[in-house]
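# Structure at a glance
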Amino acid sequence: MTAQEPAAPVRNRPTRFADWLRLIFGVSQRVTRGQYAGVGITLMALKYAVEALAIWYFASATYMPWDFINPLLSARTQLLAQAPEWLAWAMFVWSLPFLWIALSMSVRRVADAGHSPWAGFLVLIPIINLGFMAAMCGEPSSADETWTPAARMPRGHNQPRDAVLAVFAGFAVGGVMMAVSVFLFENYGAALFIGTPLLMSATAAYVYNRQHAYSRSSSMAVGIACLALACVALLLFALEGVVCIAMAMPTLIPTGAMGALLGKAIAEGARPRQSDLMAAVFVLPLVAAVEAYVAQPVERVVTSTVEIDAPAPAVWERVVSFPDLPAERAWYFRWGIACPERARIVGHGAGAVRYCEFTTGEFVEPITAWDEPRRLAFDVTDQPDPMFELSPYRGIRPPHLDHHLRSQRGEFALESLPDGRTRLVGRTWYTINMFPQAYWTLWSDLLIHRIHQRVLAHIQDLAESDAE
């Protein structure tokens, strides 16, 4: 080291388990390049090992390392389709702490390297995040005290005014992102569902704590209030329905809390320029544009099964065509999800056309395989909306109703059992163009499975009545 080079500040190395927990999960301690690399590599290996073991055990499939780093997570989504339904939800919950650790440590690592902590949000951008993390593993700590203790902040005084200003600042970020991602690119991606709520709540908490320090609980309340205001605005301006907003809540609430904690930490622990925040905000539309170009929907299959006390020929007659389903519907169908009502076939054999009527319209399904009484397969050439939007207004139509969830084909397979019963299997192949797929396919698989159950239960009742 030459005489002109400033000495790097001395860092306290964690010596106890509690110190490591504060380093990994906290928001105030600076992160050196060695700590960033060591924790990052260790936790990536742990996350991959647990997920690979779970997929191997429950889905009898191999989860490869290159599938793990796939930014679209399409490989994991396909593998989880072969596992029990609860495993995909467990994987979602399991991933939330890792999202927090990656974002929190990246923000502090960037600040430790002497840059604006807002640059830490680059860890959310697929592909770019790999190069970003590699660079942060190599960049030395800065001699500048860019990350200072929160105790230096004066305590708050005009809390209501600061809260209102903060909520509307975050709300403005969400408005820009909604306009760009949804109405310009018609893209429902991770930039919208993960990046936007994180940055909205972080912006709100940053503005809230910029001049005066408030508690973490009130900062999180401000961040989540900002997201709540955005949801109310979507309803009032007829941009979205209640059900879609409710499905997004499991991601909005935790990401809102995470973003608020980081926004408060940035306000108290660093002094970035206001332009740094604006640069972070305008990165999101760029991410949405890239995502709309590179993200491709992956075909998935949902399988449902029922065992029927009737021989296969009797079941086949009810598979080919059945009368109206019961008028009584489960609550989620009454809330607007497309609900099957009846089915009929025009013609006989391959080339015939099956018409399946739902509450939202009619599916047109040309028959591609007619193997009586073992298998009936069909393509889907026309389909209605997947749902009615539950809204104070009539006839709202957000862009995600157009081509974002598409059924491709389906089949009924009948297997004769030794005791004169029949196992009936229903399958639907579909694509979903909403990301992250690892989250949205949880809902689409669940809803398609419920549609299957309604149809299969109806066929079961009819076939068993015929057999009696």
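Everything numeric in this text was worked out from a predicted model, so none of it was measured.

Once that is clear, we can look at the overall build of the chain. For the chain, the helix and strand inventory stands at 14 helices and seven strands. Dimensions of the chain along its principal axes, counting C-alpha atoms only, are 90 × 45 × 35 Å. Across the 468 residues of the chain, 52% fall into the buried class. Across the chain, contacts joining residues at least 24 apart in sequence account for 70% of those joining residues at least 6 apart. Put simply, the chain shows about 21,700 Å² of open surface, and 63% of that area lies on carbon and sulfur atoms. Side-chain charges of the chain comprise 36 positive and 40 negative groups, with the mean position of each set lying 12 Å from the other.

Residue position: Phe-168 is located in helix α7 (residues 159–184). In this structure Phe-168 comes out as partly exposed when scored by relative accessible area, which is 49%. Along the backbone, Phe-168 and Met-200 are 32 residues apart, and their C-alpha atoms lie at a distance of 9.6 Å.

An α-helix turns once per 3.6 residues; consequently, residues spaced three or four apart project the same way. Taking 1.5 Å per residue as the helical rise, helix α5 (residues 85–112) with its 28 residues ought to reach 40 Å, and the 42 Å between its terminal C-alpha atoms agrees with that figure. Where α5 terminates, the next one or two residues include Gly-114, which has phi positive at roughly 95°.

What follows concerns the side chain of His-400. Positionally, His-400 belongs in the loop between β5 (375–379) and β6 (405–416). In this structure His-400 comes out as buried when scored by relative accessible area, which is 8%. Polar side-chain contacts of His-400 include one of 3.1 Å to the side chain of Glu-389. With residues near it in sequence (within four places) discarded, His-400 still touches Tyr-188, Glu-240, Cys-244, Glu-389 and Met-434.

Let's shift gears to the pattern of salt bridges. All told, the structure shown has 25 salt bridges when counted by the stated rule. Put simply, Asp-445 and Arg-300 hold a salt bridge, and the shortest N to O gap is 2.2 Å. You can see Asp-445 sitting in helix α14 (residues 437–467) and its partner Arg-300 sitting in strand β1 (residues 299–308), a full 145 residues away along the chain. A relative accessible area of 17% places Asp-445 in the buried class. Glu-307 is paired through a salt bridge with Arg-421; the nearest N and O atoms lie 3.0 Å apart. Taken together, the positions of Glu-307 in strand β1 and Arg-421 in the loop between β6 and β7 (422–432) put the pair 114 residues apart, joining distant regions of the chain. You can call Glu-307 partly exposed: its relative accessible area is 31%. What makes Arg-421 partly exposed here is its relative accessible area of 23%. Here the residues in one salt-bridge network are Asp-324, Arg-329, Glu-341, Arg-342, Arg-344, Glu-357 and Glu-362, joined through shared partners.

It is worth spelling out the sheet that holds β7 at this point. The seven strands are arranged β1-β7-β6-β5-β4-β3-β2 in an open sheet whose pairing can be described as antiparallel. Two strands in the sheet have a free side with no partner beyond their single neighbour: β1 and β2 (340–346). Within this sheet the neighbouring strands show an average axis-to-axis angle of 25°, counted without direction. With ten bridges joining them, β1 and β7 adopt antiparallel strand pairing. Looking across to β7, one finds that Val-302 is bridged to Thr-428. Contacting β1, β2, β3 (353–358), β4 (361–371), β5, β6 and β7, helix α12 (residues 312–320) runs over the sheet at an angle of about 160° to β6. Its contacts with the sheet put α14 on β1, β2, β3, β6 and β7, and the angle it makes with β1 is roughly 30°.

With that settled, the discussion passes to the pairing of β4. Bridge count between β3 and β4: six bridges; the pairing is antiparallel. Note on β4: the bridge partner recorded for Cys-356 is Phe-363. Between the antiparallel neighbours β3 and β4 lie two residues. Hairpin remark: β4 followed by β5, antiparallel, with three residues in the connecting loop.

Applying the stated criterion across every chain yields a total of 21 aromatic pairs. Measuring from centroid to centroid gives 5.0 Å for Phe-58 and Trp-86, while their planes differ by 85°, and the two rings are edge-to-face. Taken together, the positions of Phe-58 in helix α2 (residues 33–59) and Trp-86 in helix α5 put the pair 28 residues apart, joining distant regions of the chain. Judged by centre distance (6.5 Å) and plane angle (75°), the ring pair of Phe-168 and Phe-171 falls under edge-to-face. Placement of the pair is Phe-168 and Phe-171 together in helix α7, with a separation of three residues, close to one helical turn. Here the basic side chain of Arg-409 rests over the ring of Trp-429, its NZ or CZ set 4.2 Å away from the ring centre.

Cut-offs and rules
- Residues numbered from 1 in each chain as written.
- Predicted model: local features only at pLDDT ≥ 70, side-chain atom pairs only at ≥ 80, totals over all residues.
- Heavy atoms only, no water.
- Helix = DSSP H or I, 4+ residues; strand = E, 2+ residues; numbered from the N terminus.
- Buried < 20%, exposed > 50% of the residue type's maximum accessible area, 1.4 Å probe, protein only.
- Contact = heavy atoms within 4.5 Å.
- Areas by Shrake-Rupley, 256 points an atom, 1.4 Å probe, with all protein chains shown as cover.
- Lys, Arg positive; Asp, Glu negative; His and termini not counted.
- Charge placed at Lys NZ, Arg CZ, Asp CG, Glu CD.
- Expected span 1.5 Å × (residues − 1).
- Polar contact = N/O pair within 3.5 Å; in protein donor to acceptor, adjacent residues only side chain to side chain.
- Salt bridge = Lys/Arg side-chain N within 4 Å of Asp/Glu carboxyl O.
- Pairing = 2+ DSSP bridges.
- Axes fitted to C-alpha atoms, helices over the stretch in contact; angles between N-to-C directions.
- Phe/Tyr/Trp six-rings, centres within 6.5 Å; stacked < 30°, edge-to-face > 60°.
- Lys NZ or Arg CZ within 6 Å of the ring centre and 35° of its normal.

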